[in-house]
Structure formats: structure tokens, C-alpha cells
Amino acid sequence: MTNDRPERPAPARSTWTNWARTERSSPVLTVAPRSAEQVVRVIERARETGHPVKPIGASHSFTAIGATDGIRIGLDRMQGLVSADPERGRVTLRGGTRLWQLPAILGPLGLALPNMGDIDRQSITGATQTGTHGTGLGHGGIATGIVGLTLVTGTGEILRIDESEHAELLPAAALGLGALGIVTEVTLQCVPRFLLQAEEAPAALGEVLDTFVPRTRAADHFEFFWFPHTRAVRTKTNTRLPLAHGAEPLTRLSRFVDEELANNLAFGACVELGSIAPAATPGINRFVESVSSRRRYVDESHRVFVTNRRIRFRELEYSVPLEAVPEVMRELGAMIERKRHRVSFPIEVRAAAADGLLLSTAHGRDSGYIAVHRFHRDRDREYFRDAEEILAAHAGRPHWGKMHTRGAEELRAVYPEFDRFRATRDRLDPDRVFANPYLSRVLGE
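Residues numbered from 1 in each chain as written. Predicted model: local features only at pLDDT ≥ 70, side-chain atom pairs only at ≥ 80, totals over all residues. Heavy atoms only, no water.

Student: For this particular structure, what's the right way to read the overall build of the chain?
Tutor: If you tally the helices and strands in the chain, you get 14 helices and 20 strands. A globule of 445 residues ought to have a C-alpha radius of gyration of about 22 Å, and the chain, at 22 Å, matches this closely. Taken along the three principal axes of its C-alpha coordinates, the chain extends 60 × 50 × 40 Å. Here the chain, with 445 residues, has 59% of them falling under the buried criterion. (Helix = DSSP H or I, 4+ residues; strand = E, 2+ residues; numbered from the N terminus. Rg over C-alpha atoms; globule rule 2.2 N^0.38 Å. Buried < 20%, exposed > 50% of the residue type's maximum accessible area, 1.4 Å probe, protein only.)

Below is the structure:
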């Protein structure tokens, strides 16, 4: 017989912190349900006691979107494959499944995600509810691949939302910020396994900005990284290939040297030095630029999309209209020098296709994404403030899981379907069981 009680709660007032150490909270209870029915019981308990409820996956959001001083629902006991339909290319996963687990789940089925970001530590619900994306104008964010989900609402109702049931809710619920309910299962539309040919190379910043839009439209996946205080970038162009092409992977030694020694150990030492002696940062960045090399390899898609990042950082990211990217980047560069900011982390620039999800940062427009980072030990936060001012001025939309200061009225101005989403929230969580200060700021009460 199935036990319909959630796991025993953790000690009261244990402290939760996110990966970036930018947010913390002290839940009165932490529970670990195994099923949607157990989640319902948590919702009922919360309604009886007046406590808010928030789910937590991997805690990889940089914002307080998952913070609560009420009841925290950990999704670690809700992982893995529920069902698969390989002929249609669809899988249903439990909500706490981590992205890094997906190759082992999808690979034997001959399937893969059509696109991924460069970090795979998140849970599938955390990634989709906050709008995680990769790069490439042929693809939307991961949430655009959701064709169905199971949601426990604020009234304790279990809803199946897909093409045949409550289809009108899918554009809101697929990327719902955790404001509409607890997503216990997601059904994803996948693609056949494929290879990526990766070509990484240094290039001149001015030339890349001048050709950014055509480069992005011509490539399957294009992105670049710019270290402030330099005039060069590192580009990465990925081309999709069938499995029959055959892999040409990096050797184990080459991957270790490039990704562990260079990208983590050596770069980590550089940003630590820049944190201690900010005046040295421009010189350090120019040195890093000078040793940037070319490489080309072909491997399974997930091995090319994902990078192992072991250096802790903070991040602010906005989407802007695709054509605005070159102007925004030039304004950012001028601001950094004018304000004499010392920035050791690169700015990352990507793109994604327009989609119809109500609160997607790419809603209704092909979008460029500009991600601004700071090493976690850097104390200066005015850089983020100054960067955000520029990004917001170009009809920018902040990534829901990354640091920003926008409020409901500012967001309403850049999201055409903002009020439609709020109406859906009123329907599914009328008593604001899933509210927290972050949601109150970005959505209103």
C-alpha cells in the first residue's frame, strides 16, 4: 500500500540558501513528497495553518523566486522517468528530475533535448518555470518543449494540462514562475539524438557586433563571450549533425586541460586575484584574451551544450530584441570604462526564437540574451545596477531566475500577456498559497 503522507519534516527553521549564496530563507517546515497526492496534503496543511508554500529543485536560481519562510517542498524524491513514447518523441518526467540526468534517460530511447543551456544542474521544473534557454534562433527555451504537465493548484486540485485537457492553461503553466502551482510531472517533446560540431575561435569584438544578427541567423547555435577591458571575443558556433556522421570528441586530456585547468582552475585564480586587486583586472583580462585558442570537435549534443562551471558567481541576464544586441553591447562597453568598473567575468551573448509562452523572455520576438556576471567575492554591485539600466532601456525583459530589480508595473509594459497571466494566477491560486516577496514584486499581489 502506498504511503500517502509526505516524508517526515526536517527540523524547523533550517536555513535554505541558493547556489550563488545571494538569497536565503528559513522555512518553518521542509517536506519531501513522493507523489502529487502527497503534495495535495501539504497544500491542505498550508491552507489550514496559513503558511505559504514554495517548491525547490536544485536552488540554482540567482533570485529569491523559491525562497519561503513557510513550507518548503523539496522535489528530490520526485525524480526519474514516468513514461515514454519514443515514436512521438515524448517523455514524461517527474518534476524533480535534474537536467544532468536526462542523457541517461533519453539516450537509450534514441532521444535528446532539442537545445540546452550551458549549465545542467537545475531540475526540469526549476529550469522551465524560470525560462532557462540555450542559444539558436531555430529553438525556444526549454519550456517551449513542454506539451503537457501535472499541476497541483493553490486549492489542492490536481490538474492535467496538455493539448486535450485544459489546453488554454499551457501557455501560462509551462513557464509559470512557481506562481500557479506545484509541477509534479512534465511531458517534453524531444528530438532524435544528434551530434554537434563545435567551432570555438577568437574574433574581434567590433567585427562580431557588426555581423551578429546575420551570424546568428545563419548558424544553428551561435554565442560569444566578451571579457570587458578587451577588444576581442571568443565565439562558439555549433552545427547540428546526424549520428551517422560520427563523433570526433575531444580527448580526455584535452577536455581536462581546457575545461578544468583553463576554465576552472586558471580562470578561478584570475578572478580571485581580480577580487583582491581590482586594478589588475584589465591586465588580467587582456592576458586571458591573448591566450585564447581555437578548437573544433564533434560530440553528442549534451556534451557540447553543457560546460562544467565550478567557479561561483552572480548573474543578471536580460533579453532584448535581437537587432538591439550590437547597440546594447556597445553601450555596456562604454559604461564600464566611463564608470571605471573592474569586471573579471565575461559577458555572454546568445539568442532564442520567438515563442508564445505568456511570460517567456522571448514572447513574440526573436531575442538576444545578454548575461552580465560578477565573481561571488566581488563586493561592488553598482555594475549590475548600471548594466540593468541600459538593458531595461531597450525593452529588456529580465530572466526570471537571475538577479534583477524590476517590478510588476515595469514588467507589464514589456509583456503583452502580463494581465492574462495574472488572471490565470487568480484562477489557480486565488488565495496566494504560492506567494512570496519575489512574486509579489514581479507580479503584484
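Having seen it, we continue.
Student: For this particular structure, what's the right way to read the sheet that holds strand S10 (residues 158-162)?
Tutor: Whether parallel or antiparallel, the strands of a sheet pair through hydrogen bonds between backbone atoms. In space, the five strands of this open sheet follow the order S6-S7-S11-S9-S10, with antiparallel pairing throughout. Here the strands that pair on one side only, and so sit at the sheet edges, are strand S6 (81-85) and S10. Averaged over all pairs of adjacent strands, the angle between their axes in this sheet comes to 10°, without regard to strand direction. The pairing of strand S9 (residues 146-152) with strand S11 (residues 182-189) spans six bridges and is antiparallel. Bridge pairing in S11 links Leu149 to Val186. (Pairing = 2+ DSSP bridges. Axes fitted to C-alpha atoms, helices over the stretch in contact; angles between N-to-C directions.)

Student: Please explain the packing of aromatic side chains as it appears in this structure.
Tutor: Two aromatic rings are characterised by how far apart their centres lie and by the angle between their planes. Tallying each qualifying case throughout the model produces twelve aromatic pairs. With a centroid separation of 6.1 Å and 40° between ring planes, the pair formed by Tyr383 and Phe384 is classed as tilted. In terms of burial, Tyr383 and Phe384 fall into one category: buried. Through successive ring pairs, a cluster of aromatic residues spans Trp19, Phe62, Phe227, Phe267, Phe313 and Phe345. Against the face of Phe194 rests Arg240, its NZ or CZ located 4.0 Å from the ring centre. The ring of Trp19 has Arg312 lying over it, and the distance from NZ or CZ to the ring centre is 5.2 Å. (Phe/Tyr/Trp six-rings, centres within 6.5 Å; stacked < 30°, edge-to-face > 60°. Lys NZ or Arg CZ within 6 Å of the ring centre and 35° of its normal.)

Student: Honestly, the pattern of salt bridges in this entry has me stumped. Any pointers?
Tutor: For side chains of opposite charge, pairing can occur when their charged atoms come near one another. Considering all chains together, one arrives at 32 salt bridges under this definition. When salt bridges with common partners are traced through the structure, they connect Asp118, Arg309, Glu315, Glu317, Glu348, Arg350 and Lys402 into a single cluster. (Salt bridge = Lys/Arg side-chain N within 4 Å of Asp/Glu carboxyl O.)

Student: Mind showing me how you'd approach the environment of Leu109 here?
Tutor: Turning to its location among the elements, Leu109 is positioned in the loop between helix H2 (102-106) and strand S8 (111-112). Linking Leu109 and Thr150, residues 41 residues apart in sequence, is a C-alpha distance of 22 Å. Other than its neighbours up to four places away in sequence, Leu109 contacts Ala84, Pro86 and Val91. (Contact = heavy atoms within 4.5 Å.)

Student: For this particular structure, what's the right way to read helix H13 (residues 418-428)?
Tutor: Structural remark: α-helix, 3.6 residues per turn; residues separated by three or four positions point the same way. Restricting attention to buried positions, one finds in H13 the residues Phe418, Phe421, Thr424, Arg425 and Leu428. Seen along its axis, H13 keeps its buried residues to an arc of 120°; they face one direction. (Arc of directions from axis to C-beta.)

Student: Would you mind going over the packing of helix H10 (residues 325-338) against helix H11 (residues 382-392) with me for this structure?
Tutor: Two measures define how a pair of helices packs: the angle their axes make with one another and the distance between the axes. H11 packs onto H10 with a crossing angle of 150° between their chain directions and a minimal axis gap of 10 Å. Our classification of the angle between H10 and H11 gives roughly antiparallel. Seen from above, H10 lies across H11 with right-handed handedness. Of the residues in H11, those in contact with Val328, Glu331, Leu332, Met335 and Ile336 of H10 are Tyr383, Asp386, Ala387, Ile390 and Leu391. (Parallel < 35°, antiparallel > 145°, perpendicular 65-115°, else oblique. Left-handed = near helix turned anticlockwise from the far one by under 90°.)

Student: Explanation requested: the side chain of Asn436 in the structure shown.
Tutor: Tracing the backbone shows Asn436 in the loop between H13 and helix H14 (437-443). On the accessibility criterion, Asn436 (5% relative accessible area) is buried. Setting aside anything within four residues of it in sequence, one finds Asn436 in contact with Lys54, Ala64, Ile65, Gly66 and Ala67.

Student: Can you help me understand the nonpolar core in this one?
Tutor: One broad trend across soluble globular proteins is that nonpolar side chains are buried collectively. In this structure, Leu149, Leu177, Leu188, Trp400 and Leu443 are the most contacted members of the largest nonpolar core, which totals 60 residues. When residues no more than four places from it in sequence are discounted, the contact partners of Leu177 are Lys54, Ile65, Gln129, Leu359, Trp400, Leu439, Val442 and Leu443. Counting residues in hydrophobic clusters, the runner-up holds 48 residues, among them Leu209, Leu332, Ile336 and Phe384. (Core = buried A, V, L, I, M, F, W, Y, C linked by side-chain atoms within 4.5 Å.)

Student: Help me out: how do you make sense of the environment of Ile71 in this one?
Tutor: As for its position among the elements, Ile71 is in strand S5 (residues 71-74). Separated by 175 residues in sequence, Ile71 and Gly246 have C-alpha atoms that sit 49 Å apart. Ile71 has contacts with Val28, Leu29, Val31, Val42, Arg45, Ala46, His51, Pro52, Val53 and Lys54, leaving out every residue within four places of it along the chain.

Student: Looking at this model, I keep getting lost on the side chain of Arg425. Mind explaining?
Tutor: Mapped onto the secondary structure, Arg425 falls in helix H13. Salt bridges are absent for the buried Arg425, whose nearest opposite-charge side chain, Asp429, sits at 5.1 Å. Every residue in contact with Arg425, bar those within four places of it in the chain, is listed here: Ala179, Leu180, Pro430, Arg432, Ala435, Leu439, Leu443, Gly444 and Glu445. (Lys, Arg positive; Asp, Glu negative; His and termini not counted.)

Student: Teacher, can you tell me more about the pairing of S11 here?
Tutor: Every other side chain in a regular strand lies on the same face of the sheet, so the side chains alternate between the two faces. For S11, the buried fraction is high: six of the eight residues fall into the buried class. As paired strands, strand S7 (residues 90-94) and S11 are joined by five bridges and run antiparallel to one another. If you follow Leu93 over to S11, its bridge partner there is Val186.

Taken by themselves, the reported measurements are silent on function.
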